[in-house]
Amino acid sequence: MLFSILEGGRVLDKKDKKRHTAVIIWKRGPEGGIMVLVQNTRSLDPRFENQPSRTGFPGGGEKPEDHENPIETGIREVWEETSLYFNGGCIKTLCVVEDRETIKTFLLINRGCF
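Quick notes on the rules
- Residues numbered from 1 in each chain as written.
- Predicted model: local features only at pLDDT ≥ 70, side-chain atom pairs only at ≥ 80, totals over all residues.
- Heavy atoms only, no water.
- Helix = DSSP H or I, 4+ residues; strand = E, 2+ residues; numbered from the N terminus.
- Buried < 20%, exposed > 50% of the residue type's maximum accessible area, 1.4 Å probe, protein only.
- Contact = heavy atoms within 4.5 Å.
- Areas by Shrake-Rupley, 256 points an atom, 1.4 Å probe, with all protein chains shown as cover.
- Salt bridge = Lys/Arg side-chain N within 4 Å of Asp/Glu carboxyl O.
- Pairing = 2+ DSSP bridges.
- pLDDT = per-residue confidence, 0-100.
- Expected span 1.5 Å × (residues − 1).
- Polar contact = N/O pair within 3.5 Å; in protein donor to acceptor, adjacent residues only side chain to side chain.

Take the overall build of the protein chain next. When helices and strands are tallied, the protein chain shows one helix and eight strands. Taken across its 114 residues, the protein chain has 25% of its residues classed as buried. At a minimum sequence separation of 6, the contacts of the protein chain that also span at least 24 residues come to 53%. Here the protein chain has roughly 8000 Å² of accessible surface; of this, 53% comes from carbon and sulfur atoms.

Structure (structure tokens):
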């Protein structure tokens, strides 16, 4: 599933866009519902150092010098942010959201894969 949002201004070519991955880790709750892992994070970007922390899914940007794909980025980011390591075979791509500057991939992982 691909969403494309075109806003005012120049749309970058795919090769020039920043790539980010968000990982949704879930499991069945004790009452039959679904529980997801979220975390409070602060941006490492100096432009946002005075802003409060945000709640979100683990994830982050790819390392272009390593030629990472979204799954490799997701595995690395989850390990760096949560110390959880999972089997890459358990990952499903939920959706890809593309705007004029970024491509964001959302990955879905069952908690039983850790």
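What follows continues from the structure just given.
Right, let's get into the pattern of salt bridges. On inspection of all chains with the given rule, the structure shows three salt bridges. Residue Arg76 is joined to Glu68 by a salt bridge in which the shortest nitrogen-to-oxygen separation is 2.7 Å. The class of Glu68 is buried, set by a relative accessible area of 11%. One salt bridge connects Glu77 with Arg76, and the closest N-O pair in it is separated by 3.1 Å. Judged by relative accessible area, which is 8%, Glu77 ranks as buried.

Across six bridges, strand β7 (residues 92–98) lies against strand β8 (residues 102–110) in antiparallel orientation. Residue pairing in the sheet places Val96 in a bridge with Thr105 of β8.

When pLDDT is averaged along the protein chain, the result is 78; 82% of the residues meet or exceed 70. Within the model, pLDDT remains below 50 along residues 1–9, and this stretch shows 16 contacts once partners closer than five positions in the same chain are excluded.

Next up on the list: helix α1 (residues 70–82). For an α-helix, the turn length of 3.6 residues means that residues three or four places apart are oriented alike. Its 13 residues give α1 an end-to-end C-alpha distance of 18 Å, which sits within 8% of 18 Å, the value for a rise of 1.5 Å per residue. Among the residues of α1, those classed as buried are Thr73, Gly74, Ile75, Arg76, Glu77 and Val78. Elements that come into contact with the buried residues of α1 comprise β2 (18–28), β6 (59–61) and β8. A distance of 2.9 Å separates the backbone nitrogen of Ile71 from a side-chain oxygen at the start of α1, and that oxygen is part of Asn69.

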